[in-house]
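Inside the fold
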Amino acid sequence: MRKLMKIQFAIDAVTLKDAVRLAQATAEHVDILELGTPLIKSEGMRIIEVMREAHPDKKILADLKTMDAGELEAELAFSAGADYVTVLGVADDSTVRGAIAAADTHGKAIVVDLIGVDDKITRAREVVDLGAAFVEFHAGLDEQSQPGYSLDTLLTAGTRAGVPFAVAGGVSLDTIVTVYEAGADVAVVGSALYSAADPAQMARHMKEATAQSWPATS
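We now turn to the structure provided with this report. Treat the numbers as computed from the prediction; the structure is a model and nothing was measured.

1. Some remarks on helix 4 (residues 70–80)
- For helix 4, every residue scored as buried is listed here: G70, A74, A77, F78 and A80. Projected down its long axis, helix 4 carries its buried residues within an arc of 165°, all on one side. Facing away from the buried surface of helix 4 by more than 90 degrees, the exposed residues are L72 and S79.
- Here the buried face of helix 4 lies against helix 3 (46–54), strand 3 (59–66), strand 4 (84–88), helix 5 (93–106) and strand 5 (109–113).
- Just past helix 4, the residue G81 takes up positive phi, approximately 120°.

2. A closer look at the packing of aromatic side chains
- This model, assessed by the stated rule, comprises two aromatic pairs.
- Between Y84 and F134 the ring centres are 5.7 Å apart and the planes differ by 70°, which places this aromatic pair in the edge-to-face class. Taken together, the residues span a long stretch of sequence, with Y84 in strand 4 and F134 in strand 6 (residues 134–138) at a distance of 50 residues. Residues Y84 and F134 agree in their burial class; the two are buried.
- Both rings, one in F137 and one in F165, keep their centres 5.7 Å apart while their planes meet at 90°; by these two values the pair is edge-to-face. On the criterion of sequence distance, the pair formed by F137 in strand 6 and F165 in strand 7 (residues 165–168) is long-range, its members being 28 residues apart.
- Its relative accessible area of 0% is what places F137 among the buried residues.

3. Re the pairing of strand 5
- Extensive coverage of strand 5 is indicated by the burial of five of its five residues.
- Here strand 5 shows a buried face lined by A109, V111 and D113 and a second buried face lined by I110 and V112.
- Relative to strand 5, strand 4 is paired through five bridges, and the arrangement is parallel. Looking at strand 5, one finds that T86 is bridged to V111.
- Relative to strand 6, strand 5 runs parallel, the two being bridged by three bridges. Across the sheet, the residue bridging to D113 is E136, located in strand 6.
- Following the chain from strand 5 across helix 6 (residues 120–130) to the adjacent parallel strand 6, one finds a crossover that is right-handed.

4. A closer look at the environment of V50
- Mapped onto the secondary structure, V50 falls in helix 3.
- Between the C-alpha atoms of V50 and V20, which are 30 residues apart in sequence, the distance is 8.3 Å.
- Once residues within four sequence positions are removed from consideration, V50 is found in contact with L16 and V20.

5. Observations concerning the side chain of E136
- You can see E136 is positioned in strand 6.
- Buried and unpaired, E136 has K65 as its nearest opposite-charge partner, separated by 6.4 Å.
- Look past the residues within four positions of E136 in its chain and what remains in contact with it is Q8, V111, V112, D113, L114, A166, A168 and V188.

6. So, the layout of surface pockets
- The calculated volume of the largest pocket comes to roughly 380 Å³.
- A10, D12, H138, L141 and Q144 are the residues nearest the centre of the largest pocket, which is lined by 25 residues in total.
- In terms of residue count, helix 10 (residues 191–194) provides more of the lining of the largest pocket than any other element does, three residues in total.
- In this structure, the second largest pocket occupies an estimated 220 Å³ of space.
- In terms of lining, the second largest pocket is formed by twelve residues, of which the most central are K3, K6, F134, D185 and V186.

Basis of the calculations
Residues numbered from 1 in each chain as written. Predicted model: local features only at pLDDT ≥ 70, side-chain atom pairs only at ≥ 80, totals over all residues. Heavy atoms only, no water. Buried < 20%, exposed > 50% of the residue type's maximum accessible area, 1.4 Å probe, protein only. Helix = DSSP H or I, 4+ residues; strand = E, 2+ residues; numbered from the N terminus. Arc of directions from axis to C-beta. Contact = heavy atoms within 4.5 Å. Phe/Tyr/Trp six-rings, centres within 6.5 Å; stacked < 30°, edge-to-face > 60°. Pairing = 2+ DSSP bridges. Right-handed = clockwise from strand over helix to strand, strands pointing away. Lys, Arg positive; Asp, Glu negative; His and termini not counted. Salt bridge = Lys/Arg side-chain N within 4 Å of Asp/Glu carboxyl O. 1 Å grid on protein atoms, 1.4 Å probe; cavity = no way out; pocket = protein on both sides within 12 Å on 5 of 7 lines; lining within 4 Å. Points joined across faces, edges and corners; volume = space filled by probe spheres on them.

Written as structure tokens, this is what we have:
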């Protein structure tokens, strides 16, 4: 029987204060707290330590989007308390392998972000073979703003890849069940939560929507 899909909150705040507030409001209803790239660039590795201490029962993902020095950068994040670290799919295989080596040392995991990758299906299979825990079919904010963008493109690619995958690219309450039905292991939710009038209530609604769909579509 298929596992219940996890919800990952992409916290793209840029201050520690805002990040802590959002995490505290939503943690009860999400599975993974993602510390977004802008947040880590603004606050540094200390934000990982703060979240680890505040939410010891949650998985913490450090969205480093590493492109080089994979082992070194992953080591920094894992040492600070991260459970997952992201590496870009466009990075060289040696970078991915280095990050995975650090993950193995700490008993943690690497997620490969396929943003900017042309052939996402092939690359997804390659990096999982290298040892990535799962891949993220991801369309960034700039891509989402372009005419003709559709979440369905990511969902189709994820389904066809046949590997454990997350989807990030404008997931909302209206689409989260569709993401589950496409076979995603993780739904990455950003703006739909941090821009909501009541992030806690929205996170609860999303969790309830996926729970109601499971295991009906198994």
